[in-house]
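Examining the three-dimensional arrangement
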Amino acid sequence: MNQHADLLLRGGTLLTPNGRQIADIACRQGRIVALGDLRQWSSDQHLNLTGLHVLPGVIDSQVHFRQPGLEHKETIEAGSRGAVLGGVTAFFEMPNTHPLTLSGADLQAKLDIAANSSWCDYAFYIGGSASNRNEMLALEQLPGSAGIKVFMGSSFGDLLTDNDDVLRQLLSHGQRRLAVHAEDQARLIARKQQLGDNHSVHLHPHWRDEQSALLATQKVVRMAEQAGRRLHLLHVSSAAEMAFLAHHKRLVTVEVTPHHLTLAAPDCYEQLGTLAQMNPPVRDQRHQDALWAAINNGLVDVIGSDHAPHTLAEKQHPWPDSPSGMTGVQTLLPIMLDHVHAGRLSLQRLVDLTSAGPARVFGIAGKGRLAVGYDADFSIVDLQAQRTIRNPWIASISGWTPYDGRQVTGWPIHTVVRGHVVVQDETLMTRPAAQTIKFTESFFAEPS
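Thresholds, definitions, all that
Residues numbered from 1 in each chain as written. Predicted model: local features only at pLDDT ≥ 70, side-chain atom pairs only at ≥ 80, totals over all residues. Heavy atoms only, no water. Axes fitted to C-alpha atoms, helices over the stretch in contact; angles between N-to-C directions. Helix = DSSP H or I, 4+ residues; strand = E, 2+ residues; numbered from the N terminus. Parallel < 35°, antiparallel > 145°, perpendicular 65-115°, else oblique. Left-handed = near helix turned anticlockwise from the far one by under 90°. Contact = heavy atoms within 4.5 Å. Nonpolar A, V, L, I, M, F, W, Y, C, P; charged D, E, K, R; others polar. Pairing = 2+ DSSP bridges. 1 Å grid on protein atoms, 1.4 Å probe; cavity = no way out; pocket = protein on both sides within 12 Å on 5 of 7 lines; lining within 4 Å. Points joined across faces, edges and corners; volume = space filled by probe spheres on them. Phe/Tyr/Trp six-rings, centres within 6.5 Å; stacked < 30°, edge-to-face > 60°. Buried < 20%, exposed > 50% of the residue type's maximum accessible area, 1.4 Å probe, protein only. Lys NZ or Arg CZ within 6 Å of the ring centre and 35° of its normal.

**Some points on the packing of helix H13 (residues 332-341) against helix H14 (residues 347-362)**
- Packing of H13 against H14 leaves a shortest axis separation of 10 Å and a crossing angle of 150°. In terms of their interaxial angle, H13 and H14 are classed as roughly antiparallel. The two elements H13 and H14 meet at a crossing, and its hand is right-handed. Between H13, through Leu-332, Leu-333, Met-336, Leu-337 and Val-340, and H14, the contact on the second element is made entirely by Leu-347, Leu-350 and Thr-354.
- Here the residues of the contact of H13 with H14 are counted per class, giving seven nonpolar, one polar and no charged.

The structure is reproduced here in structure tokens:
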């Protein structure tokens, strides 16, 4: 065997399918070609990783990078730059841009932007709606498509799917796992009318209450069971949903977010105001405890950031006219590593939630584990490094984070995308030739 590598990673503690082991990694042409004691190997470039942990590249399967049409909030370049600075090596981007991502042409426009600006690998969701419901099978199989995303609430125009007949048609047209934002639109409308003229953001989790999430989750899960369609429920936020999903996992996978695991009402609204405003909302400690229990009992499959930036000026509008959303892709790994340090989950479980889990849930080809033949994507971290998250570190166009001033233990040091060192010693290097994520299902499921 040719014992020369493009990139050689020496002496790190690897999180492999076999567990932790101190070993070297040889990379050639963007893939892992050898693991083990590789002292006899030569290389064009090497990194000494003594004292650092090497994780499979983190895959953030829910971001809103706002391009095209909303570039004053975010761009694919800035969002993906923040991703790699935070140790993320691939992302799935959502369809609520201007124009909405509803067609093959809309998807291709985003792929063209990403090909010329992304700092890491990428795929894009296509929105499922009444306008394209009969095209789902073809659209979900397009190269670069992460699948279909459905908004049952908290959306607008053609992306809002609050009609049961349309939802059934979307569930019956397609084969890949359907991603769903589950809030009951009718209940949201009714409860908002009850608020009157109160402009306190503390009411946000009372307006978008646990019942609005539970009703939508129960409805879509039961429809999916009838149709035999697999679901991925995004940003599950409540104790009642987790209790229900514990009995309905056969076709359903579950995502939670760092902000729902980290922030809690009422304190977050007192400290951050509308900067803590998200859909579904950050709820009280009882719900956060239920999410952590679901992580520890295996109910949760994936952690996604739901990075959804707005400008500070927009967020300063009085509630409920203030937009929901916050940055998150750059802080996903630091925040979760701090939870590892605090003993809330193991590092191996974090790898399952952020690398192996997304690869398994979505059928991603060649990613999600440290193994020969897999893409050379690495999130290399120092578990003992103490840093303070600050707004100036945030690459997002919006320029802020709800975690400004928070000290964390555990930090991304190097980020490698397909064998290209993108971040070295916490410093941004050169942009790699990022590529479209490939999905195993796309290789055998032919549109009909």
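Resuming the write-up.
**What about the sheet that holds strand S13 (residues 302-303)?**
- Across the sheet, eight strands lie side by side as S6-S7-S8-S9-S10-S11-S12-S13; this open sheet has parallel pairing. The open sheet terminates on both sides in strands that have one partner only, identified here as strand S6 (58-63) and S13.
- Where strand S12 (residues 252-256) meets S13, two bridges bridge the pair, whose relative direction is parallel. The residue bridging Glu-255 from the neighbouring strand is Val-302, located in S13.
- The strands touched by helix H7 (residues 210-227) are strand S10 (178-181), strand S11 (231-233) and S12; relative to S11, the strand with the most contacts, the crossing angle is about 165°.

**Description of the layout of surface pockets**
- Put simply, the largest pocket is a space of about 740 Å³.
- In terms of lining, the largest pocket is formed by 35 residues, of which the most central are Ser-154, Ser-155, Asn-279, Pro-323 and Ser-324.
- The greatest single-element share of the lining of the largest pocket, amounting to four residues, is contributed by helix H5 (residues 185-193).
- Split by residue class, the lining of the largest pocket holds 10 nonpolar, 17 polar and eight charged.
- Here the second largest pocket defines a volume of roughly 240 Å³.

**A look at the packing of aromatic side chains**
- In total, this model carries nine aromatic pairs according to the counting rule given.
- Seen in terms of ring centroids, Phe-91 and Phe-124 are 6.1 Å apart; in terms of plane orientation they differ by 80°. Their pairing is edge-to-face. Of this pair, Phe-91 sits in strand S7 (residues 88-93) while Phe-124 sits in strand S8 (residues 121-127); the two residues are 33 residues apart in sequence, bridging distant segments of the chain.
- In this structure Phe-91 comes out as buried when scored by relative accessible area, which is 0%.
- The class of Phe-124 is buried, set by a relative accessible area of 0%.
- One aromatic cluster is present, formed by Phe-65, Phe-91, Tyr-122 and Phe-124 through successive ring pairs.
- Just above the ring of Phe-439 sits the side chain of Arg-176; from NZ or CZ to the centre is 4.4 Å.
- When the ring centre of Trp-207 is taken as reference, the NZ or CZ atom of Arg-208 above it lies at 4.7 Å.

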